[in-house]
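Each chain, written out:
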Amino acid sequence: MTKLLRMSAVLTVMALALVSCSDDVDYELFTKYTYLLNNGWQENIKMPINDDNTVTLPVYFGVNGTTGNNKDITVKLAVDADTLEAYNFDKYKNDTSAYYTMLPAGCFSFDKDSYTIAKGKLNASATCTIDLEKLKEEASIYNEYVLPIRLAESQGEPLGPSAYSKALYFINLTNDYSGVYAGTGRLKQIGTNYSSDAGGKQLYAISKDECYLYLGNADRSTAHSKKLIAKLHFTDNGTVEMSAISPEIDFQPVSGSYSFKFTQNPNDSRKLSRRTVLNLVCEYTDVTDVYSHVRVRYETTLTMNDDVMKADWPNAVISTDN
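A short tour of the structure in this document, coming up.

Cut-offs used in this document
Residues numbered from 1 in each chain as written. Predicted model: local features only at pLDDT ≥ 70, side-chain atom pairs only at ≥ 80, totals over all residues. Heavy atoms only, no water. Helix = DSSP H or I, 4+ residues; strand = E, 2+ residues; numbered from the N terminus. Buried < 20%, exposed > 50% of the residue type's maximum accessible area, 1.4 Å probe, protein only. Contact = heavy atoms within 4.5 Å. Areas by Shrake-Rupley, 256 points an atom, 1.4 Å probe, with all protein chains shown as cover. Pairing = 2+ DSSP bridges. Axes fitted to C-alpha atoms, helices over the stretch in contact; angles between N-to-C directions. Phe/Tyr/Trp six-rings, centres within 6.5 Å; stacked < 30°, edge-to-face > 60°. Lys NZ or Arg CZ within 6 Å of the ring centre and 35° of its normal.

Focus: the overall build of the protein
- Across its full length, the protein carries four helices and 22 strands.
- Put simply, the protein has 322 residues, and 38% of those count as buried.
- Sequence separation of at least 24 residues holds for 65% of the intrachain contacts in the protein that already meet a minimum separation of 6.
- Per element, the accessible surface of the protein, about 18,200 Å² overall, is 50% carbon and sulfur.

This is the structure in structure tokens:
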């Protein structure tokens, strides 16, 4: 019986040793290659606008496998217009008006010509800087832009399959005021008794202190919606200066204001819960009405709730009222 116990103990030790060895696989189980960590369609990467009106987009890439990385691997990135063209056609077919626009080449740059995944490391990153002032000069800040990127070269390990080495980065600009707002408001036809409800809005960032929205109940899918774009400039004193990009609508601002309310985030002591309230009143001609260009008065109160880091708002007045 004692011999059986001893033999059992020996076998147990041997089994544990084999399990321990299997944790450190010394041969490659998969095909090793380099790839983009954020590949495919990418629309949820927030891109805060910097004080100098630039945006910094990090691009992460790495090497896969089970044996780690025992060498320096050099990769190069390239713009991939063909992938964006294929994506647009696959999504919208012949409706070219709905196509995403490629970010103009003169508006962005990478920090290096090539990048190294160092020996012993599994990933590295590149930095793409987007200059919004150049974008305003060379194109329109109001388009939906995409930056298509692919891994173009890889020295040390082969490039991964196309699905993992290409990415479409939707240019998702953000500032302190941008985001999706709930809303209650009215859209009144001037000179008549007719009015309709006006709902929530999305504010799109275009600079550190500017956003734009689509007036009334229009959005990006509305026909001729670009004619109903209003630009909002948020001042330090709580007022909002409004203007329109199309003279055709004869835009007349009436009033605009905003306010923040901060409370302590109940789940994270590093954060504050912020409530933004935006009040807008303006008048314009609705040129999207194909039958008659009606003059309307747009009145709305928009609200957005989100969480912000305390470190980003050192002077925030924290309310105890929820």
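Overview of the sheet that holds strand β7 (residues 108–110)
- Read from one edge of the open sheet, four strands run β1-β4-β9-β7, paired in antiparallel fashion. The outermost strands of the open sheet, each flanked by one partner alone, are β1 (34–36) and β7. This sheet shows a mean twist of 25 degrees between the axes of neighbouring strands, independent of strand direction.
- As judged from the three bridges shared by β7 and strand β9 (residues 123–131), these two strands associate in the antiparallel manner. From the neighbouring strand, F108 faces β9, where its bridge partner is I130.

Observations concerning the pairing of strand β21 (residues 294–309)
- Here strand β13 (residues 179–189) runs beside β21; their pairing, made up of eight bridges, is antiparallel. In the sheet register, Q189 faces β21, and the bridge partner there is V296.
- Here strand β20 (residues 271–286) pairs with β21 via 16 bridges, running antiparallel. Within β21, the position partnered with T276 by the bridge is M304.

Some points on the pairing of strand β11 (residues 166–170)
- Counting buried positions along β11 gives four out of five residues, so the element sits mostly inside the fold.
- Pairing between strand β2 (residues 40–42) and β11: three bridges, direction parallel. Of the residues in β11, the one forming a bridge with W41 is L168.
- As judged from the five bridges shared by strand β10 (residues 145–155) and β11, these two strands associate in the antiparallel manner. Paired with L147 across the two strands is Y169, which belongs to β11.

Some points on the packing of aromatic side chains
- On inspection of all chains with the given rule, the structure shows 22 aromatic pairs.
- Ring centres of Y33 and Y35 lie 6.4 Å apart, and the angle between their planes is 85 degrees; on these two criteria the pair is classed as edge-to-face.
- With a centroid separation of 6.0 Å and an interplanar angle of 55 degrees, the aromatic rings of F260 and F262 are classed as tilted.
- Chaining the aromatic ring pairs together yields one cluster made of Y177, F234, Y258, F260, F262 and W313.
- One cation-aromatic arrangement involves R220 over Y204; the distance from NZ or CZ to the ring centre is 3.8 Å.

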